[in-house]
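Fold and contact review
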Amino acid sequence: MLRFSEITGHETVKENLHHAIQMNKVSHAYIITGEELMGRKSLAGAFVLELFCEQGEQEACLNCHSCKQVLSKNHPDCIYVTHEKPGSIGVDDIRRQINDTIAIRPYSSPYKVYIVDEAEKMTVQAQNALLKTIEEPPSYAVIFLLTTNQDVFLPTILSRCVQIKLKPLKDSQVKEYLLEHLQLKEAEADVYAAFARGNLGKAIRLAASEDFKILHTEMLYLVKNLKTMDISEILMFIRRLKEEDIDLLECLDFMQFWYRDVLMFKVTKDVNLLIFKEEYPSINEISQRSGYEGLENILASIDKARIRLAANVNMELALELMLLVMKEN
């Protein structure tokens, strides 16, 4: 669990939450919306640390009894709401863990905090049960709803909560973190930062993923050799992707970034602008033999494949159509 100062990015969010604590203007309910791994739980945890810290300084001390309890997730006034069914948070979960206990005053802190992760899984009945508590909360109660999609919440829930929407970080922030904390090579950090699209948690996960390293190797072979591969080899490659259960959307991301690099180098001749800097010789070669229209056709075919896969078109057919366009151009 991190303090606000130790969380990368989200400066405005951190400042607003910190200010609310320092000015004693803590709201009774917050919704933090962001992609998986984007830092929703880290921000909620940092808030609880600072809120409960006994020292009352500008940031949590991490040494007092309350801080140690929060860090070990054993603080009696910080409740992590759980749910038995993996796909939903039911009305019984909300009643038993929040509604039936919220009237009990805090044990050792001025506040009592409830953290509901994956709050988008709350059923309508569960939301209605929670609404009654949010409408008339005790003065000491704070409820955090952490979600990847706040659009599923009832309008009455949304209107009674402070809504915080996390934005992607800059690629440079993600890259800097990877270089400093994971000691990656710069070329590796460029690739992970690009694929993460501003999501630091995703970048960290990719850097540790053996599956992603396999995908990287497979896709690199494809884009370098596609021009000379015959139809049977292309079909065999597609089957291998399916058999190895490789993430197809990440495959499309790879090709999009690759041909974006080819087009970027064709226009600028600047190696520093490339994501795949270590592959400069191959990118240079492909850019020289490809026309602008052909590269635009390739990028359009990747977008079409993405749409087809989202529409549940046969995977092998969608990839085959895309790869044939790429081969021709």
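Relevant structure appears above.
Just so it is clear, the model here is predicted, and its values are computed rather than measured. (Residues numbered from 1 in each chain as written. Predicted model: local features only at pLDDT ≥ 70, side-chain atom pairs only at ≥ 80, totals over all residues. Heavy atoms only, no water.)

On to helix H14 (residues 292–310). For H14, with 19 residues, the first-to-last C-alpha span of 28 Å sits near the 27 Å given by 1.5 Å per residue. All of the buried residues along H14 are Gly294, Leu295, Ile298, Leu299, Ser301, Ile302, Ala305 and Leu309. Looking down the long axis of H14, one finds its buried residues gathered within 150° of arc, a one-sided arrangement. The outward face of H14, more than 90 degrees from its buried face, is lined by the exposed residues Glu293, Ile307 and Ala310. Phi for Asn312, located one or two positions after H14, is positive at around 65°. (Helix = DSSP H or I, 4+ residues; strand = E, 2+ residues; numbered from the N terminus. Expected span 1.5 Å × (residues − 1). Buried < 20%, exposed > 50% of the residue type's maximum accessible area, 1.4 Å probe, protein only. Arc of directions from axis to C-beta.)

For the structure on display, the rule yields 10 aromatic pairs. Plain terms: the ring middles of Phe195 and Phe254 are 6.2 Å apart, the flat faces sit at 45° to each other, and that makes the pair tilted. With a gap of 59 residues between them, Phe195 in helix H8 (residues 186–196) and Phe254 in helix H12 (residues 248–268) connect regions that are remote in the sequence. The pair Phe195 / Phe254 is uniform in exposure class, with both members buried. One aromatic cluster is present, formed by Tyr192, Phe195, Phe212, Phe254, Phe257, Trp258 and Phe276 through successive ring pairs. Over the face of the ring belonging to Tyr80 we find Lys73, whose NZ or CZ atom lies 5.1 Å from the ring centre. The lysine or arginine in question, Lys266, covers the ring of Tyr292, its NZ or CZ lying 5.3 Å from the ring centre. (Phe/Tyr/Trp six-rings, centres within 6.5 Å; stacked < 30°, edge-to-face > 60°. Lys NZ or Arg CZ within 6 Å of the ring centre and 35° of its normal.)

The next subject is the side chain of Arg3. Checked against the element boundaries, Arg3 lands in the segment before helix H1 (11–22). Residue classification places Arg3 among the buried residues on the basis of a relative accessible area of 18%. Not counting chain neighbours up to four residues away, the residues in contact with Arg3 comprise Ala46, Leu49, Glu59, Ala60, Cys61 and Leu62. (Contact = heavy atoms within 4.5 Å.)

So, on to the pairing of strand E1 (residues 29–33). In terms of burial, E1 is largely enclosed, as five of its five residues are buried. Both faces of E1 are covered, namely the face carrying Ala29, Ile31 and Thr33 and the face carrying Tyr30 and Ile32. Examined bridge by bridge, E1 and strand E4 (residues 141–147) share five bridges and lie parallel to one another. For Ile32, the partnering residue across the bridge sits in E4 and is Leu146. (Pairing = 2+ DSSP bridges.)

Here we come to the nonpolar core. Counting 55 residues, the largest nonpolar core has Phe254, Met255, Trp258, Tyr259, Phe276, Met322 and Leu323 as the members making the most contacts within it. Phe4, Val113, Val142 and Leu166 belong to the second largest nonpolar core, which has 33 residues in total. (Core = buried A, V, L, I, M, F, W, Y, C linked by side-chain atoms within 4.5 Å.)

As a further point, take the state of the cysteines. Scanning the entire structure with this criterion turns up zero disulfides. Cysteine Cys64 shares no disulfide, and the gap to the nearest cysteine sulfur, in Cys67, comes to 3.5 Å. Here Cys64 falls in the buried class, since its relative accessible area comes to 6%. Of all cysteine sulfurs in the structure, the one in Cys78 sits closest to Cys161, which takes part in no disulfide; the separation is 17 Å. On the basis of relative accessible area, Cys161 is assigned to the buried category, the value being 9%. (Disulfide = S-S within 2.5 Å.)

If you trace the five strands from one edge of the open sheet to the other, you get E2-E3-E4-E1-E5, paired in parallel fashion. Two strands close off the open sheet at either side, each with one partner strand: strand E2 (78–81) and strand E5 (162–165). Each strand axis lies, on average, 15° off the axis of its neighbour in the sheet, ignoring direction. In terms of strand pairing, strand E3 (residues 112–116) meets E4 through five bridges, oriented parallel. Within E4, the position partnered with Val116 by the bridge is Leu145. Running at roughly 175° to E2, helix H4 (residues 91–99) makes contact with E2, E3 and E4 of the sheet. (Axes fitted to C-alpha atoms, helices over the stretch in contact; angles between N-to-C directions.)

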